[in-house]
Amino acid sequence: MTPFRPLHEAWTVRSASGDVEAPATVPGCVHTDLLAAGLIPDPYLDDNETRLAWIGRTEWRYETEFTWDGTEHERTDLVCEGLDTVATVELNGVRVGETANMHRSYRFDVRHALRIGSNRLTVTFGSALEYAERLKEELGDRPGAYTQPYQFIRKMACNFGWDWGPTLVTAGIWKPIGLHEWSGARIAEVRPLVTLGDGVAKVDVHVQVEKAGATEVTAAIKGASGRAVIPEGRSEAVITLEVPDPELWWPRGYGEQALYELEVTAGEDVWRREIGLREVSLRTEGGAFTLAVNGVDVFVRGVNWIPDDCFPTRVGRDRYAARLAQACEANVNLIRVWGGGLYESEDFYDLCDRLGLLVWQDFPFACAAYPEEEPIRAEVEAEAREQVARLSAHPSLALWCGNNENIEGYFDWGWQDSLQGRSWGGHFYLELLPRVVAELDPTRPYWPGSPYSGSMDLPPNDPGHGTMHIWDVWNQRDYAVYREYRPRMAAEFGFQGPAAYATIRRAISDEPLLPDSRGLLHHQKAVDGNLKLAAGLKPYFPVPETFDDWHYLTQVNQARAIQLGVEHFRSLWPHCAGSVVWQLNDCWPVTSWSAVDGDDRKKPLFHALRRAYADRLLTVQPRDGGLALVAVNDTGQPWRASARAVRHDFDGATLAAQALALDVPPRAAVTLPLSGPVAQPGDPAGELIVVGITEHDGTVATGGDLPAGPGDAAVRAGGPPVGRALWFFAPDRDLRLPEPGYDTATEPTPDGLRLTVTARTLLRDLAVFPDRLDPDAQVDDQLVTLLPGERAEFLITAAALDERALVHAPVLRCVNDVVARGSTTERRP
């Protein structure tokens, strides 16, 4: 590799007026620099965000000095991997470049501006807000979901605020910057495009070289090598490598993630990367939307990903690794990188390669009509060409998608009237972006947008075609409505719940803390969000009397909503080929749709998602006027087992039972009707159905194989991790749930303690919240339902806890706490 010298030291940042100045960290941004210098409060606490809006309207100047001793190389380039966003770059007073795109890198030949000895490098950032507002005036307004003009600048859109994020318009050198000295030839781009056939993996290695004369290029991978000469006047070569009997790369749950090192050389320059040998395709016949890897159809167990921090430089490899490990723990196999954010860093995609997480990558367009005129058009093509080439080496990348909700907005949100014929982005999604993908990486499918039905002649959010976003649930309708939909791909659906208690307490200083207290409302960005939370609770629970009840019940309701939706969509396989839950993560402490909150704490939704996305799933579903058990087997082996469906009363007595034989082929779902005596309650307010495995392939299951709830928290004696299925005949507020009765015991473990809860009565959605006692405490499961006599174990990681407080409310909770004490006037007749 030819010499690269990072220029990351001795930076300062100051406002154009000179009123504000601080040491600067590069890579970084102005907010984090001012925060580190103690010049601003933490933007994530209370309503500090609103007092920091001036930062986004200020011009900022980053400056450093460095020495240069000259070079024997022919070229010296200033490489800016990421500038955010509207920047003028000067070296020793010489303007060497200007930028207006956060989503691409820049390279400037600066040999003419360098001096032997001391050099001064200055990067001046104009206000991204003011730049976007100027373009808005020049090109004409465009409709969008929010008032900020984010569609007029190529920058992370959610910096301008979203219904889960603050308005913190950043500026700064957000990726590495430095000098690259080279001679002869420089590898500008490598695109290894993989196809499979007849037991051979063919890798077409496209190499783009910047050079002066004829250059030899080589490429080598385990089992194959090749060379080519790029003649003078040309810049690209293609070297085809054939790997016999390849070890294929598979998504997690389908096989191993085999990786091969590919090395490319051109002169002294070397490019080295691990790649995977696999093929990916998208089946769309008859309205389908089914991803296939190596010819095998995949049910997408997905989550949507937003930027993990409003300040992306705070997200390094360790943080990516932790978050993606959580996705794996939740049995996820696909991450959708949502279009209001970023193309993520190499670390993100490399980790996905190694973990077997498929990536659905949106191009960064979201929830707005985008102008197609210059200068936006040229920037869009430049960024698309760079990013498609950059990510082509990653086997995890499975799909390019043109935008998030913009086609739907054009047809269904009234945009056409306000546009009055002005451009809206359609050319990007239907022509420019598919052309770039087809040219640079034809091995991957492209889809114009989500939702999209495959044709501009069809309604974009048609459940029978392509991808669907379901947002009438949460916004207007009860989550049971998920069962009315039969999508081909449920690409977005979600339900809100508050962050963990410790997260709220760190971020919000309200006293007393109430659902509608000032700070908590500031950290609720959705329009009428708290009203929708209340509306979501109403069909199921009495009105919460305290903040603690509200916090617990809204988290329970979020978890139940998503578990119901996911289990329904999985029961429809192969008609429905996936669900992509909104959303895995948060960028700050907020009430939102996430499973993991902004302080890295798992909400109860996380545990519900882990169960709903289990490799093997039992779920009771309404079918043909009755009830049925659907057994979903998302493994490569047949699932043969004996099961038993039992209608119990709340005291645990058996009222009716039915033996069921499961014979589920690999990657299949089988529906078994439940008999009338089991499916028809005698007392809907006091009965439930429990379905569990009694025997696996001739092996008798123990009590441990029948976990205590929809998950696997009960003491386990062996068998596969298959959760039992539950069905209640009425919403909780109509149930005669008993006053909770249970016994508890604790014992120390190397990392904390084990809490065992033994039920003396039915306990619904038992949960423990140790973060209320120690903000660092974590628990391995939540929302476990126990019949009388059953027990559950919770492993709690913590230094030390008040064990007496641990086993009482508000730390240890179940739905019985609220419903059993609810007045009869609150219950429906």
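Just so you know, these numbers come straight off a predicted model, no measurement behind them. (Residues numbered from 1 in each chain as written. Predicted model: local features only at pLDDT ≥ 70, side-chain atom pairs only at ≥ 80, totals over all residues. Heavy atoms only, no water.)

Moving on, we come to the overall build of the protein chain. Secondary structure summary: the protein chain contains 18 helices and 45 strands in total. Along the first, second and third principal axes, the C-alpha set of the protein chain runs to 85 × 65 × 60 Å. Counting across all 829 residues of the protein chain, residues that qualify as buried make up 61%. (Helix = DSSP H or I, 4+ residues; strand = E, 2+ residues; numbered from the N terminus. Buried < 20%, exposed > 50% of the residue type's maximum accessible area, 1.4 Å probe, protein only.)

Attention shifts here to the side chain of glutamate 790. Among the secondary structure elements, glutamate 790 is positioned in the loop between strand 43 (784-786) and strand 44 (791-797). Looking at glutamate 790, its side chain comes within polar contact range of the side chain of arginine 724, at 2.8 Å. Here leucine 787 takes part through its backbone nitrogen, which lies 2.8 Å from a polar atom of the side chain of glutamate 790. (Polar contact = N/O pair within 3.5 Å; in protein donor to acceptor, adjacent residues only side chain to side chain.)

A few words on the packing of helix 13 (residues 529-537) against helix 14 (residues 547-571). Their axes nearest at 10 Å, the elements helix 13 and helix 14 cross at an angle of 75°. Taken together, the axis directions place helix 13 and helix 14 in an arrangement best described as roughly perpendicular. Along the contact surface, helix 13 presents Asn530, Leu533, Gly536 and Leu537, while helix 14 presents Trp550, Leu553, Thr554 and Asn557. For the contact of helix 13 with helix 14, the residue count by class is 4 nonpolar, 4 polar and no charged. (Axes fitted to C-alpha atoms, helices over the stretch in contact; angles between N-to-C directions. Parallel < 35°, antiparallel > 145°, perpendicular 65-115°, else oblique. Contact = heavy atoms within 4.5 Å. Nonpolar A, V, L, I, M, F, W, Y, C, P; charged D, E, K, R; others polar.)

If you trace the 3 strands from one edge of the open sheet to the other, you get 13-14-17, paired in antiparallel fashion. Each edge of the open sheet carries a strand with a single partner, namely strand 13 (185-197) and strand 17 (236-244). On average, each strand axis in the sheet is inclined to that of its neighbour by 20°, with strand direction left out of account. (Pairing = 2+ DSSP bridges.)

In this section: the pattern of salt bridges. Using the criterion set out here, one finds 66 salt bridges in the structure. A salt bridge links arginine 317 to aspartate 347, with the shortest nitrogen-to-oxygen separation between them at 2.9 Å. In this pair, arginine 317 sits in helix 4 (residues 317-329) while aspartate 347 sits in helix 5 (residues 346-355), placing the two residues 30 residues apart along the sequence. Look at arginine 317 and you get partly exposed, because its relative accessible area is 31%. (Salt bridge = Lys/Arg side-chain N within 4 Å of Asp/Glu carboxyl O.)

Next up on the list: the sheet that holds strand 41 (residues 763-768). The strand order 43-41-45 describes an open sheet built from 3 strands, whose pairing is antiparallel. The outermost strands of the open sheet, each flanked by one partner alone, are strand 43 and strand 45 (812-813). Bridge count for strand 41 against strand 43 is 2 bridges, and the pairing is antiparallel. Bridge pairing in strand 43 places leucine 763 opposite leucine 786. Against the sheet, helix 14 makes contact with strand 41 and strand 45, and its axis sits at roughly 110° relative to strand 41, the strand it touches most.

Bringing the nonpolar core into the picture now. Judged by nonpolar contacts, the single largest core of 186 residues is most densely connected at Phe348, Phe363, Leu433 and Leu755. Here this core gets 11 residues from one element, more than from any other, and that element is helix 14. Not counting the four nearest positions on each side in its chain, phenylalanine 363 is found in contact with Gly339, Tyr343, Ala384, Val388, Trp400, Cys401, Gly402, Asn403, Leu433, Val437 and Tyr446. (Core = buried A, V, L, I, M, F, W, Y, C linked by side-chain atoms within 4.5 Å.)

Moving on, we get to the packing of aromatic side chains. Tallied over the full model, the rule gives 43 aromatic pairs. Arranged with centres 6.4 Å apart and planes meeting at 85°, the rings of tyrosine 343 and phenylalanine 363 form a pair that is edge-to-face. A residue pair is termed long-range when its members are at least 10 positions apart, and tyrosine 343 in the loop between strand 24 (334-337) and helix 5 and phenylalanine 363 in the loop between strand 25 (358-362) and helix 6 (376-391) qualify at 20 residues. The class for tyrosine 343 is buried, based on a relative accessible area of 3%. When its relative accessible area of 0% is taken as the criterion, phenylalanine 363 is described as buried. An aromatic cluster of at least three residues, connected via ring pairs, comprises Phe365, Tyr370, Tyr410, Phe411, Trp424, Phe428 and Tyr429. One cation-aromatic arrangement involves arginine 154 over phenylalanine 365; the distance from NZ or CZ to the ring centre is 4.2 Å. Over the face of the ring belonging to tyrosine 501 we find arginine 772, whose NZ or CZ atom lies 3.9 Å from the ring centre. (Phe/Tyr/Trp six-rings, centres within 6.5 Å; stacked < 30°, edge-to-face > 60°. Lys NZ or Arg CZ within 6 Å of the ring centre and 35° of its normal.)

What follows covers the packing of helix 14 against helix 15 (residues 604-612). Running from N to C, helix 14 and helix 15 point in directions that differ by 20°, and their axes come no closer than 8 Å. By the angle between their axes, helix 14 is roughly parallel relative to helix 15. The two elements helix 14 and helix 15 cross, and the hand of that crossing is right-handed. Contacts between helix 14 and helix 15 pair Gln555, Gln558, Ala559, Ile562, Gln563, Val566, Glu567 and Arg570 from the former with Pro604, Leu605, Ala608, Leu609, Arg611 and Ala612 from the latter. Broken down by class, the residue content of the contact of helix 14 with helix 15 amounts to 8 nonpolar, 3 polar and 3 charged. (Left-handed = near helix turned anticlockwise from the far one by under 90°.)

Right, let's get into helix 5. Those residues of helix 5 not exposed but buried are Phe348, Tyr349, Asp350, Leu351, Cys352 and Asp353. Where helix 5 is buried, its residues meet strand 23 (300-305), helix 4, strand 24, strand 25 and helix 6. At the C-terminal side of helix 5, glycine 356 shows a positive phi close to 75°.

Turning our eyes to something else, we now look at helix 4. The end-to-end C-alpha distance of helix 4, which contains 13 residues, comes to 18 Å, matching closely the 18 Å that a straight helix rising 1.5 Å per residue would cover. Looking at helix 4, one finds that the buried residues are Tyr320, Arg323, Leu324, Gln326, Ala327 and Cys328. The inward-facing, buried residues of helix 4 abut strand 23, strand 24, helix 5 and helix 15. Looking one or two places after helix 4, you find asparagine 331, whose phi comes out positive at around 65°. (Expected span 1.5 Å × (residues − 1).)

Here the focus is the environment of threonine 12. Among the structural elements, threonine 12 can be located in strand 2 (residues 11-15). The class of threonine 12 is partly exposed, set by a relative accessible area of 25%. Along the backbone, threonine 12 and glutamine 555 are 543 residues apart, and their C-alpha atoms lie at a distance of 44 Å. For threonine 12, the contacting residues outside a window of four places in its chain are Glu21, Ala22, Pro23, Ala24, Arg61, Tyr62 and Glu63.

What follows deals with unusual backbone geometry. Across the junction of valine 26 and proline 27, the peptide omega takes the value 0°, indicating a cis bond. As for its position among the elements, proline 27 is in the loop between strand 3 (21-24) and helix 1 (30-36). Omega for the bond connecting glutamate 374 with proline 375 falls within 30 degrees of zero, at 5°, which places this linkage in the cis form. Considering the arrangement of structural elements, one finds proline 375 in the loop between strand 25 and helix 6. Even without a glycine there, the phi angle at alanine 10 is positive, about 60°. As for its position among the elements, alanine 10 is in the loop between strand 1 (4-6) and strand 2.

So yeah, pure geometry; function would need other evidence.
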